[in-house]
Amino acid sequence: MFEFLINPAQLADVLSTALRLSIPLIFAAMGGLLCERAGVFNIALEGQILFGAFGAAVGAYYFGSPYAGLLVAIGFGMLSGLLLAILGISLRVNQIVVGIAIILFATGFTSFMSRLLFPGGGNSLTLDGFGPINIPILSDIPIVGKVLFAQNGLVYGALLLVLAINFLLFRTRAGMSIRAVGETPSAADAAGIHVFRTRYACVITGSAMAALGGAYLVLTQVLLFSDKMSAGKGFIALAAIVLGRWQPKLAFMACLLFGFFDAVQLRLQFNNPEIPFQVFAALPYLVSILALVGLMGRANPPSSIGRPYDREMR
Amino acid sequence: MTNAPDRLALEGIVKRFGAFRANDDVNLKIADQSIHAILGENGAGKSTLMNVIYGLYTPDAGRILSRGKEVTIGDPREAMALGIGMVHQHFKQVNTMSVVENVVLGLPGRQILDLDEDRRRIETMAAELGSEIDPDQLMSTLPIGTQQRVEILKMLYREADLLILDEPTSVLTPNEIESFFKLLSRLRESGRTILLITHKLDEVMDLSDRVTVMRQGRVEAELETSATTPKELARVMVGRDVVFDVPHTPPKVGAPVLELDRISAVDDRGVSALDELSLSVREGEILGIVGIDGNGQRELAETVAGLRNLTSGKITVSGRDAEGYDPAERKHKLGVGYVPEDRQKVGLDLDSDVSLNMVLRGFRERPFAIRGWMDYARIRSHAEDLAKRYDVRMQGVSQIARDLSGGNQQKIILAREIEDNPRVLVVSQPTKGLDVGAIEFVQRTLLSQRDRGDAILYISSELEELLLVADRLAVIFKGRIVGELPASEATSEKLGLLMTGKEVA
């Protein structure tokens, strides 16, 4: 059943599929991680991926360019982040509830609007997308070359994003402030850091990153928009953050892990048509549960996560 | 110096929380390069006032003058710009970060972090303050005294010349307090002004140049320290005469009631906390447990109360093995009362009202519940009765426990634990954070319980208090009892040596 893992051609294909499938997870996980590091629960990732996908389709369809799609996707992501920030930070509504509300809103809004904006519905679109960029020489290396160096720009972007978030959090002054705000906002406040401003900035940019995950799906994978196309990726990204213990590099690896099992299950479906596909489709979710149970150990989330800050609280 | 403008002056400051006036027309003048104490009971409005000065609270009325110039302080950044730095009672630090990160947090500078220069500066500054600090150590791994130094350093690093210290000694051990006092004098000599908030009279007398006494949100008096006495200060602070000596009559000691036989236990991290510790408390005596915090005191109290399992050894109460009894059964069947160290998290349910807190340990049983049905009328009248006898000051028994002062919260716990006449009473840091009036009440209550024949295990880090109340003292060090002596023979010096694990000749 698993002989494809030793066949070089098939293995390269599985690995490249794995990377492809993990890219939306990486965008969403990095975005969510940034929010959580600043102390805000962004459970809305699932909805923000959907917003991003929808925005990408709208931009690419109306302006005829994938770059416009990218920009509109980012815009949608930022707006959903702003909503989360206003409700969850300033108005102190329970951030889990806000997150769920955003997911529900995104689902309804995007499926309704796609019927309104796209003639024949989002499913019938054929958008202009981003094609692969072959990096000379490197892309000719067997197996690895095809996996790593013959991908589209958003894939490279996601990989750079991981490094950028890691650098931001642990090598810059701003990152230190973000971590302090997420850990002990009262200490950050007393040290002269703007707690609210920092949280707003993180939530808005983080949400935009999650939206890029959706844009990736539309502009490089399917070139159309379909309802609920985020398909649980936002929740898997949340699991990846926990599994990665709020460390960008570890969360990145968790995304790859989930992406890998997704690719494996696709291959298993393909190779074993006699078995109902649902058996395999459940695999990544099963893995994420097992990973969370088995590897949880002592994961320490930022201690103020999900708790709105109130300076005058007695 | 008389002509120089005051470092800081407050005029007519009012701060309200709802209908409650936490600060009511407060006036204050702090001379440059002095140590100025603000003395008051818990809830007198000291901390509120400091938060106003530090820009954490916005006052509802009044003026603030810094070096004679009127200023508004909207947030801590503006306070810092005026050279005001504050060390809060609960340190404002990020435990998961290192010392150097905590110190430079929020300071402007190059975006890309390079903290080598800061590390060096911290080490030099620490040396100037007479202490050694490793800039790369994680905050959470430092002893409390060192954490406090980092807090002070953080302020000096921001070039603060007016330091507000909120109850700075409440977290320190006696040894740490001594060196802390030296540090303060050193700071004053180097040209800094210190505003010391405290409810401890001896600190005011030992350290300050001037003292402002607050009560119920108002300034009651502003005095030259050299021209006043502890007795006068206490009277102004509490509003009545305070007796410092609780009458301590010789105990009428009976048979051993609580016996610990070579008990061992581990702490929350799984590290050995009690190491074959043995002791016994007899009927009608108070055994004081002396020791530097973190030597197993908490685990000792918890094992006796039934909140922590033994890894070996045996606890007997009136000859019965306590093994297998949970905390509720220990109270009701063995008669073990427990006043925990953390009254807010362990002792009370802060979001429940006074009456429920009074029956927290017995609400499932008669007479407060019959066949699973609670008898609220009974619970209320029971609470009203206890509140009267234990002098709990509140609006009524349906007030939420969170809204009461620390002293009144402690009285609720005492009333609850003592009421059904326990055989053994385990009391942990019962006066921590309380003001003189409440301390006196707690001590009197415990002594009268002793006289009724309770065996009391009294754990405290306040040496003076133990010397005053306990009949016998046992010194705990690294989870073992390293010395026992009658209180009458104990001196601070002798105990101090034992507390650090040194043998006494």
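To be clear, the structure that these remarks concern was listed above.
Please read all numbers here as calculations on a predicted model, not as lab measurements.

1. Points about the overall build of chain A
When helices and strands are counted, chain A shows 13 helices and two strands. What you see for chain A is a C-alpha radius of gyration of 20 Å, in line with the 20 Å of a compact globule of 314 residues. Based on the C-alpha atoms only, the size of chain A along its principal axes is roughly 65 × 45 × 40 Å. Put simply, chain A has 314 residues, and 50% of those count as buried.

2. Structural notes on the pairing of strand β1 (residues 8–17) of chain B
Residue and element names in this part refer to chain B. Taken together, the seven bridges between β1 and strand β2 (residues 20–30) define a ladder with antiparallel strand orientation. From the neighbouring strand, I13 faces β2, where its bridge partner is V26. Where β1 hands over to β2, the hairpin turn is made up of two residues, of which G18 adopts a positive phi near 65°. Of the pairings in the sheet, the one linking β1 to strand β4 (residues 61–66) comprises five bridges and is antiparallel in character. Bridged to L10 within β4 is I64.

3. Some words on the sheet that holds strand β15 (residues 320–321) of chain B
All names here are of chain B. The strand order across the open sheet built from four strands is β12-β11-β14-β15, with neighbouring strands paired in antiparallel fashion. Of all the strands in the sheet, just β12 (272–282) and β15 have a single pairing partner and so form its edges. Pairing of strand β14 (residues 312–317) with β15 involves two bridges; the strand directions are antiparallel. Among the inter-strand pairings, V317 is bridged to a residue of β15, identified as R320. Its contacts with the sheet put helix α9 (residues 297–305) on β11 (256–266), β12 and β14, and the angle it makes with β12 is roughly 60°.

4. Comments concerning the interface of chain B and chain A
By convention, interface size is frequently given as the accessible area that disappears when the constituent parts associate. The interface of chain B with chain A comprises 18 residues on the first partner and 20 residues on the second. Ranked by the residues each element gives to the side of chain B that touches chain A, the list is headed by helix α2 (residues 76–81) of chain B, at three residues. When grouped by side-chain class, the residues that make up the side of chain B that touches chain A number ten nonpolar, five polar and three charged.

5. Some thoughts on helix α10 (residues 327–334) of chain B
All names here are of chain B. Within α10, the full set of buried residues consists of R330, K331 and L334. Along α10, the residues classed as buried sweep out an arc of 120° about the axis, all on the same side. Looking at the buried positions of α10, the neighbouring elements they touch are α9, β14, β15 and β16 (336–339).

6. So, helix α3 (residues 66–90) of chain A
In this model, α3(A) (25 residues) spans 35 Å end to end at C-alpha, consistent with the 36 Å of a helix rising 1.5 Å per residue. Just downstream of α3(A), A:R92 is the residue with a positive phi angle, here 55°.

7. Description of the environment of B:V436
All names here are of chain B. Turning to its location among the elements, V436 is positioned in helix α15 (residues 436–451). Overall, the presence of 21 C-beta atoms within 10 Å leaves V436 in the buried class. Sequence-wise, V436 and E365 are 71 residues apart; in three dimensions their C-alpha atoms are separated by 36 Å.

What counts and how
- Residues numbered from 1 in each chain as written.
- Chains lettered and ligands numbered in written order.
- Predicted model: local features only at pLDDT ≥ 70, side-chain atom pairs only at ≥ 80, totals over all residues.
- Helix = DSSP H or I, 4+ residues; strand = E, 2+ residues; numbered from the N terminus.
- Rg over C-alpha atoms; globule rule 2.2 N^0.38 Å.
- Buried ≥ 20, exposed ≤ 12 C-beta atoms within 10 Å, placed from the backbone.
- Pairing = 2+ DSSP bridges.
- Contact = placed C-beta atoms within 7 Å.
- Axes fitted to C-alpha atoms, helices over the stretch in contact; angles between N-to-C directions.
- Nonpolar A, V, L, I, M, F, W, Y, C, P; charged D, E, K, R; others polar.
- Arc of directions from axis to C-beta.
- Expected span 1.5 Å × (residues − 1).

In short, geometric facts, not functional conclusions.
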